[in-house]
Every structure is written in C-alpha cells, then in structure tokens.
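Here are the chains, one letter per residue:
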Amino acid sequence: MNLSVVRHHPIDRFSAFLDRQSKEMVIGVVGSISHIKGREHVLNLLRYMDEHELDARLVVVGDMGGVPYSSKRISITGQYAHAGLPKLLQRHHVTVAFFPSICPETFGFVVQELMLLGLPVACFGLGAQAEYVAQYKNGLVIRSMDASDVWLGLKRLHDAT
C-alpha cells in the first residue's frame, strides 16, 4: 500500500485586503456548502433577505448544489482554486463573511483564511470555528440559527467595520 501526504496550502500566504469603498453589504459564504456545512441556513437567510427586500447580496464562493428558487440576491461562483480565494472575494466586493457550518469543526481552514484576509466573520456557536471567531476583533458568534438573528448579526458586523 502506498501512502502520500498532501499538505494543505499554507494559510499564512493570505493577507488583509478589505476595501470598503462601497457601502453595499455583500455576504460571502465560502466552500462546498452541503447540509452539514449549513446549506439550509444559507437558503433560510436568502429567503429572509428576499421576503424583507433587504439591500444586500449573498455570494457563495464555491458551490451548494444550486438554489431551489430564483433570487436576484445570490450568485454562486462554483469550484475555485484555493490561491484564487482573495481575488474572488474582492471581485464580488464581499464585505462580511458567514461561516454557516452546523458541525463543530476541530479546525476551520476557511475561518482562518477569512480572518487572515481581514474580513468580518460570523459563525454559529459550535466547535473550533466559534472559539476562533469569538477571539477575533472583527468576529461575531451568532447564538441563534434563526434567519432573522443571522441577518441582524451580519448587519451589525457589517456596519461596525
């Protein structure tokens, strides 16, 4: 049996880029957003934004198996090269990141990368992601998974930075 070790790209290559020339709120969700990565919470947030006609957009940098209804407030980039993450976030003018995982992670590469990029980051109160985000100056741990609470937390985080 042959084993090979493939290291994750070093996350220390990322550096802060936050450019707040635009006041528009653009929520970035990064990764392959499956059920355990919070797909339903992203869809609930999108529905809430649509129902309340909120002035914000949602960008999934990655994939999530599509959206079961039509919304002008979301765009999905599809798979991306790891090194291209900063440029994708810049191109889409992401101003705040939402890490919607409902699984307590032991280490969150995506959360670490978003923090290194200087983006405000919100997540639920689960696992290592919550520990990191709670100590991050531009971080917010959202205690409720209700879409209105997620929206209010993200809006507060966006307005504060």
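Scroll up to find the structure.
This is a predicted model, so every value here is computed, not measured.

Rules used in this analysis
- Residues numbered from 1 in each chain as written.
- Predicted model: local features only at pLDDT ≥ 70, side-chain atom pairs only at ≥ 80, totals over all residues.
- Heavy atoms only, no water.
- Buried < 20%, exposed > 50% of the residue type's maximum accessible area, 1.4 Å probe, protein only.
- Helix = DSSP H or I, 4+ residues; strand = E, 2+ residues; numbered from the N terminus.
- Core = buried A, V, L, I, M, F, W, Y, C linked by side-chain atoms within 4.5 Å.
- Pairing = 2+ DSSP bridges.
- Axes fitted to C-alpha atoms, helices over the stretch in contact; angles between N-to-C directions.
- Contact = heavy atoms within 4.5 Å.
- Right-handed = clockwise from strand over helix to strand, strands pointing away.

A. Highlighting helix α3 (residues 109–116). The buried fraction of α3 amounts to 6 of the 8 residues, a majority that puts the element mostly inside the structure. Among all positions of α3, only Val110, Val111, Gln112, Glu113, Leu114 and Met115 are buried. With its phi angle positive at about 85°, Gly118 sits one or two positions after the end of α3.

B. A look at the environment of Gly153. Tracing the backbone through its elements, the reader meets Gly153 in helix α5 (residues 147–160). Judged by relative accessible area, Gly153 falls into the buried class, the value being 3%.

C. Local environment of the nonpolar core. One finds Ile27, Leu45, Met49, Leu58, Phe98, Trp151 and Leu154 to be the most contacted residues of the largest nonpolar core, which totals 27 residues. Broken down by secondary-structure element, the contributors of at least two residues to this core are β1 (25–32), α1 (39–51), β2 (56–63), β4 (96–99), β5 (121–124), β6 (139–142) and α5. A per-element tally of this core places α1 first, with 6 residues. The next biggest cluster of nonpolar side chains, apart from the first, holds 22 residues, and it includes Val59, Leu85, Val94 and Val133.

D. Structural context of the sheet that holds β4. Strand order in this open sheet of 6 strands is β3-β2-β1-β4-β5-β6, and the pairing throughout is parallel. Either end of the sheet is taken by a strand with one partner, and the two such strands are β3 (74–76) and β6. Pairs of neighbouring strands in the sheet enclose a mean axial angle of 20°, with direction left out of account. Both β1 and β4 contribute to a ladder of 2 bridges, which runs parallel. Considered in β4, the bridge of Ile27 is made with Val96. Where α1 meets the sheet, it contacts β1, β2, β3, β4 and β5, and its direction lies at approximately 155° from that of β2.

E. A look at the pairing of β4. Residues Val96 and Phe98 point to one face of β4 and Ala97 and Phe99 to the other, with burial holding for every one of them. As judged from the 3 bridges shared by β4 and β5, these two strands associate in the parallel manner. Residue pairing in the sheet places Phe99 in a bridge with Cys123 of β5. In this fold, the crossover linking β4 to β5 by way of α3 has right-handed handedness.

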